[in-house]
Structures are given as structure tokens and as C-alpha cells.
Amino acid sequence: MTTTAIPEGMPQYDDVPRFDVAAVRADFPILDRLVNGHRLVYLDSANTSHKPRQVLDVLTEHYALHNANVSRSVHTLGTEATEAYEGARAKVAAFVNAPSVDEVVFTKNSTEAINIVAYAFSNASLRPDADPRFRLGPGDEIVISEMEHHSNIVPWQLLAERTGATLRWFPVTDSGRLDESGLAELVTERTKIVSLVHTSNILGTVNATARITERVRQVGALLLLDCSQSVPHMPVDVVDLDADFIVFTGHKMCGPTGIGVLWGRGELLAAMPPVFGGGSMIETVSMARSTFAAPPARFEAGTPPIAEAVALGAAVDYLTGIGMRAVQWHEKELTAYALDALATVPELRIFGPAVPVGRGGTISFALGDVHPHDVGQVLDALGVQVRVGHHCAKPVCTRFGVPAMTRASFYLYTTTEEIDALVAGLEQVRKVFD
Amino acid sequence: MQLDQLYQEIILDHYKHPHGRGLRDAEDPQARVAEAHHVNPTCGDEITVRVATDGDRLADISYDGLGCSISQASASVLHELLTGRGAGEAFAVHQAFVELMSGRGQVTPDEDVLGDGVAFAGVARYPARVKCALLPWMAFKDAAARAGVGASPTEVKA
């Protein structure tokens with residue numbers, strides 16, 4: 001990594017919080033295993049992260065000692081389970097600095113969280129008495145970007161089809177940044193919602209949202225940020241971001257699969273019609289009609305993923321214990337190291353920002369004209385686990401003129417030795433497909 | 001090294017020097033020509049296979065595609081094995097290839113039937129790659145049906 005002397009009086013490298021990576025790795029049992037006879041080199045954390053023992057223990061302990069359904073039992077186990085579930089909600093709320101615990105809706109994942117917002121729009125559009133901010137029709141516009149994950153494209157395409165609204169999007173520049181040059185023409189009085197990725201899962205770009213937020217406020221639209229790739233990797237503060245909704249998922253932040261989060265401003269959640277109907281989300285039910293509970297319960301129909309939520313709370317504790325600033329800095333250093341190291345590989349082309357500024361530790365690339373599947377297969381034989389394919393972001397692949405990309409992504413347990421193993425593996429790929 | 005099972009020399013040869021690549025018009029204007037485009041949605045690999053039939057004979061099988069070494073080499077092998085053959089024979093080879101790929105590495109291929117296709121025996125051990133190898137073969141089956149040979153066209157999805 002190239003280091004530059006920082007002028008006196010400025011924050012120095014040593015001022016940043018750090019943690020012991022070896023000690024962190026010891027918390028993750030899976031990192032000890034071998035893959036195809038090699039030490040596991042896991043560079044696919046943007047896909048899903050590993051889980052520390054602290055999280056696995058909480059998951060097991062919940063089922064072993066406190067298992068019961070939530071929000072409906074007077075017995076002791078039911079009370080314990082409810083306290084654990086609601087306790088997890090409080091931890092998650094504090095983690096993103098939510099002004100109120102009731103603003104945290106547990107979902108299955110980010111995809112479901114985005115769909116809840118999209119379907120709330122859809123349902124509101126059918127009811128003349130619904131809050132006008134959620135009513136969509138012909139002439140109204142939804143704005144996304146070209147660097148979205150499919151989960152932040154398809155729900156809006158479907159919503160536009162159902163309501164007659166128009167879907168528009170920010171383009172992406174050649175260097176993999178959001179092209180905001182057309183902001184004023186793109187986000188207008190016709191815009192009802194802007195739904196943007198905070199950190200791209202394919203380019204690694206961290207979008208600076210301030211100018212967009214300002215414009216969204218000017219025109220009276222709503223702003224949703226897909227924070228699936230930012231909440232796990234940096235401090236995220238919903239007040240500071242000034243968003244209306246954010247979504248993220250547990251399994252990318254050391255938690256289990258099957259649990260995600262929709263955070264929304266309390267006042268907005270209260271104005272949203274329900275999406276899924278069923279138990280737990282009602283106030284009262286008669287045969288002809290029902291009334292609905294206040295958020296977050298309104299959006300959590302049926303038995304929720306209880307143990308998963310509790311374990312997500314443990315993941316939040318774990319990350320908080322290490323410190324999100326420290327995690328962010330660790331990944332920044334790794335990214336700088338990796339960008340330098342990958343630059344030494346002949347015929348390697350990086351998609352996305354080439355400098356470790358305004359980007360996270362997710363790096364997609366092409367190696368000559370070797371197909372990413374072949375790159376991934378050779379790396380796998382060496383124990384190096386990367387993701388290959390379109391990364392559920394086909395428009396980004398199309399934008400850069402490739403059918404697929406190879407992606408290496410880092411987390412708090414990633415080391416520079418693992419990046420060296422990736423670079424050595426890429427040399428091996430070149431030998432096989434010379 | 002395990003990788004050698006997957007990336008046999010034969011596969012790499014077909015990948016680097018594909019046989020019969022590029023979509024062609026039929027030489028015989030009377031030929032029935034049809035094609036099928038298949039996509040592997042998980043990885044984005046794509047292939048178009050065009051079949052020209054002369055009665056019951058597969059006069060030409062041409063193709064074009066984008067994809068990994070396994071899918072592209074598989075298309076090259078398919079072209080080489082099936083072009084010019086009668087439909088009955090061709091579908092026997094097709095069936096043998098599908099059986100080989102579905103065998104999780106437990107099927108011993110017959111070189112007399114499968115020719116260079118035997119090189120794909122190792123691919124069957126990699127469940128994630130079986131679809132790559134089968135992509136051109138499934139597209140071929142649909143194209144052939146549309147050109148009037150093999151499976152009834154009603155079985156073919158649009």
C-alpha cells in the first residue's frame with residue numbers, strides 16, 4: 001500500500017481505531033476449515049458474511065432455553081422470547097441511531113423490506129383516502145439508479161406496471177460513480193420516491209447522498225437507501241443520512257439468514273397501509289373487516305424469525321464491541337492494499353472506483369477474456385472463494401459491456417495474506433487459460 | 001490436481017479453437033431451419049443454437065454464444081458430434097450426454113458414442129457447472145424440435 005505523509009495537525013493514521021484481526025478470526029469457526037486441501041480464503045462477504053461463535057451461541061441458546069412464540073403468551077418462556085426479540089429490535093435501532101425503537105421493522109431480508117415499501121405504495125394507490133405521499137399513478141415517477149441490485153429494480157418495475165407510474169434512473173459514469181449531472185431533471189415535482197443503493201454490491205462505490213437528499217426534500221419526494229452493503233461495513237446513522245427508509249439484511253453483518261430490517265421514519269410507517277395480512281399485525285378483526293396495529297407490528301404479520309432476530313441482536317453487539325469505525329478503517333486499508341496488488345496482475349481490469357476513496361471493500365474485475373466462471377473455478381481449487389456472475393446487478397454488467405464479472409469482497413476478518421492468495425491464484429488462472 | 005479433471009486438455013482445446021462457431025444460413029433453400037436461445041439466469045451465459053434439417057438428417061448445427069469455457073467447449077463438441085447425423089442417432093448421443101452430466105461423476109462415458117464429449121465426465125462432479133455443459137445441448141433440443149425433429153414442438157417452451 002502506498003502511504004503518504006499526512007501534514008501535522010491533521011488526523012494521523014495512528015489516530016484511527018484498530019482491532020486485532022487475528023483475535024477476530026479466532027471468533028469465526030469456519031475460518032479454520034480447509035477447502036479443496038487449501039486453507040479457506042473467503043473473499044465473498046458481500047454475498048454473505050460468516051458468523052462468529054458469539055452469534056452461533058446465542059442462536060443455539062435461544063432454541064435450547066428460551067424457545068416460545070412472541071407477543072401472544074403470558075407464560076414465562078413466551079415472556080423471555082418476547083423480551084429477547086424486542087431487545088434485539090432495540091439493539092438494531094441503536095446501531096443505526098434510529099430515533100425510536102418502533103421504527104425498526106423486522107423482515108426476511110432487504111428484498112422483502114423494499115417490497116414492503118413498494119407494496120405499501122401499491123396499496124395506497126388503490127385507496128383514495130390514503131396518504132398522498134404514497135399514492136402513485138400515471139405521470140408520477142420513481143427514480144432508481146443503474147447500479148442497483150435487482151432487489152432495488154424489480155419491485156419498482158412491478159410497482160410502475162401496477163400503477164402506471166414511470167421508472168427513471170441515474171446513470172453510472174465510466175469510473176463507476178453515480179452520475180448526478182442530471183439530478184435536477186431526473187428528480188422533479190413528479191418524483192414520488194427515490195430508491196438508491198448506499199454502497200454498490202458490484203462496483204463497491206459508496207454513494208454520497210447529501211446532494212440527492214437535498215433535491216429530494218426540495219421536490220417533496222421520499223428517499224429510500226439500500227444499505228445492505230453499508231450497514232455491515234461502516235457506521236450508519238439514519239438521522240445523519242436524513243433518509244426516509246433504509247433497508248439492510250442480517251446475514252451480511254455476522255447475523256443469520258432469514259432476518260432483515262426495514263427502518264422508516266415513524267410518521268411515514270404510521271401513514272403506510274399494511275402489506276401482509278395475518279396474525280400479530282391487527283388491532284381487531286371481525287368477519288367483515290379489520291383494523292391494524294401500529295408499526296412495527298403492522299408490517300410483521302405471522303410468527304416472525306424470532307431466533308434469527310435475537311441472533312442479529314448478538315451480531316450487532318459483536319460489531320459494536322469491535323467498533324464500526326475500526327471495521328470501516330480496516331476495510332479501507334485492505335481495499336487500498338488490494339487495489340495496488342490487483343494492479344500488478346497483467347490484463348486485469350477493475351470495474352468501479354480505482355482508488356480507495358468513496359468505495360468499500362468490494363472489488364469486481366475482469367481477467368483478460370477469461371470467463372469469470374473459469375476464474376472462480378480455478379480460484380476455488382486453491383481454496384479462494386470469490387463470487388462470479390452478474391451479482392444480481394445485470395444492468396451494471398451491461399453498462400460495462402461484459403456478461404459477468406469476478407468479485408472479491410472483504411470484511412473485518414479479511415487479511416492482506418488472503419489478498420496475496422487471490423493475486424497468486426489469478427496467476428494460476430492465467431496459466432490455465434493462457 | 002483436481003482442476004485437471006474439470007479442465008481437460010480437450011475442453012480447453014475446444015474452448016480456444018471452437019468448431020463450427022457462428023450462425024449460418026442453410027445451404028439448401030428447402031431445408032427447415034429453426035433456432036433456440038437459452039440463458040443460464042444464474043451466471044448470464046447465453047447461447048443460440050440453429051439447426052437446419054434435411055428430412056430426418058441434421059444438415060447443420062451452428063451456434064453463437066457468450067459464456068465460460070465449459071459452455072462454449074460443450075457447444076463446439078455438440079456441433080462436431082451431431083452435425084450430419086440422422087435424428088435418431090443424434091438423440092441417442094444427446095441422451096448419453098445428458099446421462100453423463102446427470103451422473104454426479106458416477107457414469108463411465110462410452111467414447112464410441114460421445115467422442116470428445118467424454119472429456120466432460122469430470123464436469124459432472126461439479127454441480128455448479130453441469131448447467132454450463134448442458135446449456136448448448138438443451139438449446140439444441142429445442143431448436144431441433146422447432147425444425148421438426150426430436151421432441152414434439154408442444155413440449156418446447158417458448
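Residues numbered from 1 in each chain as written. Chains lettered and ligands numbered in written order. Predicted model: local features only at pLDDT ≥ 70, side-chain atom pairs only at ≥ 80, totals over all residues.

For chain A, the count of helices and strands is 14 helices and 17 strands. In terms of overall dimensions, chain A has a C-alpha envelope of 70 × 55 × 50 Å along the principal axes. Within chain A, the proportion of its 434 residues that are buried is 49%. Here the contacts in chain A between residues at least 6 apart in sequence split such that 70% fall between residues at least 24 apart. (Helix = DSSP H or I, 4+ residues; strand = E, 2+ residues; numbered from the N terminus. Buried ≥ 20, exposed ≤ 12 C-beta atoms within 10 Å, placed from the backbone. Contact = placed C-beta atoms within 7 Å.)

So, about the overall build of chain B. The helix and strand inventory of chain B stands at six helices and three strands. Tracing chain B from N to C terminus, the helices and strands come up as α-α-β-β-β-α-α-α-α. For 158 residues, the compact-globule estimate of 2.2 N^0.38 gives 15 Å, and the C-alpha radius of gyration of chain B, at 15 Å, lies within 12% of that figure. Expressed along its principal axes, the backbone C-alpha trace of chain B runs to roughly 50 × 30 × 30 Å. The buried share of chain B, reckoned over its 158 residues, is 44%. (Rg over C-alpha atoms; globule rule 2.2 N^0.38 Å.)

This part takes up the packing of helix 3 (residues 76-95) of chain A against helix 10 (residues 306-322) of chain A. All names here are of chain A. Direction vectors running N to C along helix 3 and helix 10 enclose 40°, while the axes themselves pass 8 Å from each other. Taken as axis vectors, helix 3 and helix 10 run oblique relative to one another. In this structure, the crossing between helix 3 and helix 10 has a hand that is left-handed. Contact residues: A81, A84, Y85, G87, A88, K91, V92 and F95 in helix 3; I306, A309, V310, L312, G313, V316, D317 and T320 in helix 10. Grouping the amino acids of the contact of helix 3 with helix 10 by side-chain chemistry returns eleven nonpolar, three polar and two charged. (Axes fitted to C-alpha atoms, helices over the stretch in contact; angles between N-to-C directions. Parallel < 35°, antiparallel > 145°, perpendicular 65-115°, else oblique. Left-handed = near helix turned anticlockwise from the far one by under 90°. Nonpolar A, V, L, I, M, F, W, Y, C, P; charged D, E, K, R; others polar.)

Our next topic: the sheet that holds strand 6 (residues 166-170) of chain A. Residues and elements named next belong to chain A. Pairing in this open sheet of seven strands is mixed, and the strands run 4-10-9-8-7-5-6 from one edge to the other. Of all strands in the sheet, those bounded by a partner on one side alone are strand 4 (104-107) and strand 6. For this sheet, the mean inter-axis angle between neighbouring strands, taken without regard to orientation, is 20°. Relative to strand 8 (residues 222-226), strand 7 (residues 191-197) is paired through five bridges, and the arrangement is parallel. Paired with S195 across the two strands is L224, which belongs to strand 8. (Pairing = 2+ DSSP bridges.)

This brings us to the interface of chain A and chain B. Contacts between chain A and chain B engage 14 residues on the former and 13 residues on the latter. Counting residues per element, the side of chain A that touches chain B draws most heavily on helix 12 (residues 372-381) of chain A, which supplies five residues.

Interfaces are often described in size by the accessible area the parts lose on coming together. Residues and elements named next belong to chain A. Taken domain by domain, chain A consists of domain 1 (13-52 + 323-432) and domain 2 (56-321). Listed per partner, the contact involves 28 residues of domain 1 and 31 residues of domain 2. Elements supplying a minimum of two residues to the side of domain 1 that touches domain 2: helix 11 (324-342), strand 14 (362-367), helix 13 (394-399) and strand 17 (405-409). For the side of domain 1 that touches domain 2, the leading source of residues is helix 11, giving five residues. (Domains from an automatic or database assignment.)

Core analysis: the biggest nonpolar cluster contains 121 residues, and A:V96, A:I246, A:V261, A:V310 and A:A315 have the highest contact counts within it. With twelve residues, helix 10 of chain A is the largest single contributor of residues to this core. Both domains that furnish three or more residues to this core are identified here as domain 1 (13-52 + 323-432) and domain 2 (56-321) of chain A. When near neighbours in sequence (up to four residues on either side) are disregarded, A:I246 contacts A:V96, A:L225, A:C227, A:V238 and A:W263. Counting residues in hydrophobic clusters, the runner-up holds 42 residues, among them B:L6, B:L58, B:L81 and B:A87. (Core = buried A, V, L, I, M, F, W, Y, C linked by C-beta atoms within 7 Å.)

The next thing to look at is the pairing of strand 4 of chain A. Residue and element names in this part refer to chain A. Of the two faces of strand 4, the one holding V104 and F106 and the one holding V105 and T107 are both buried throughout. Pairing analysis gives four bridges linking strand 4 to strand 10 (residues 260-264), with the strands arranged antiparallel. In the strand pairing of strand 10, T107 is matched with G260.

Residues and elements named next belong to chain B. Looking at chain B as a whole, its pLDDT mean stands at 89, while 94% of the residues score no less than 70. In the model of chain B, helix 1 (residues 3-6) stands out as the element of lowest mean pLDDT, 79, in contrast to helix 3 (residues 69-82), which has the highest, 96. In this model, residues 152-158 is a region of pLDDT below 50 whose contacts with residues beyond four sequence positions or in other chains number eight contacts. Model confidence for the complex is summarised by a pTM of 0.91, with the ipTM given as 0.82. (pLDDT = per-residue confidence, 0-100.)

To continue, consider helix 7 (residues 210-219) of chain A. Residues and elements named next belong to chain A. Those residues of helix 7 that fall on the buried side of the exposure criterion are I212, R215 and V216. Angular distribution of buried residues about the axis of helix 7 spans 100°; they occupy a single face of the element. Helix 7 presents A210, R211, E214, R217 and Q218 as exposed residues on the side facing more than 90 degrees away from its buried surface. Structurally, helix 7 contributes buried residues whose contacts are with helix 6 (183-186), strand 7 and strand 8. Of the residues one or two after helix 7, G220 is the one with positive phi, at around 75°. (Arc of directions from axis to C-beta.)

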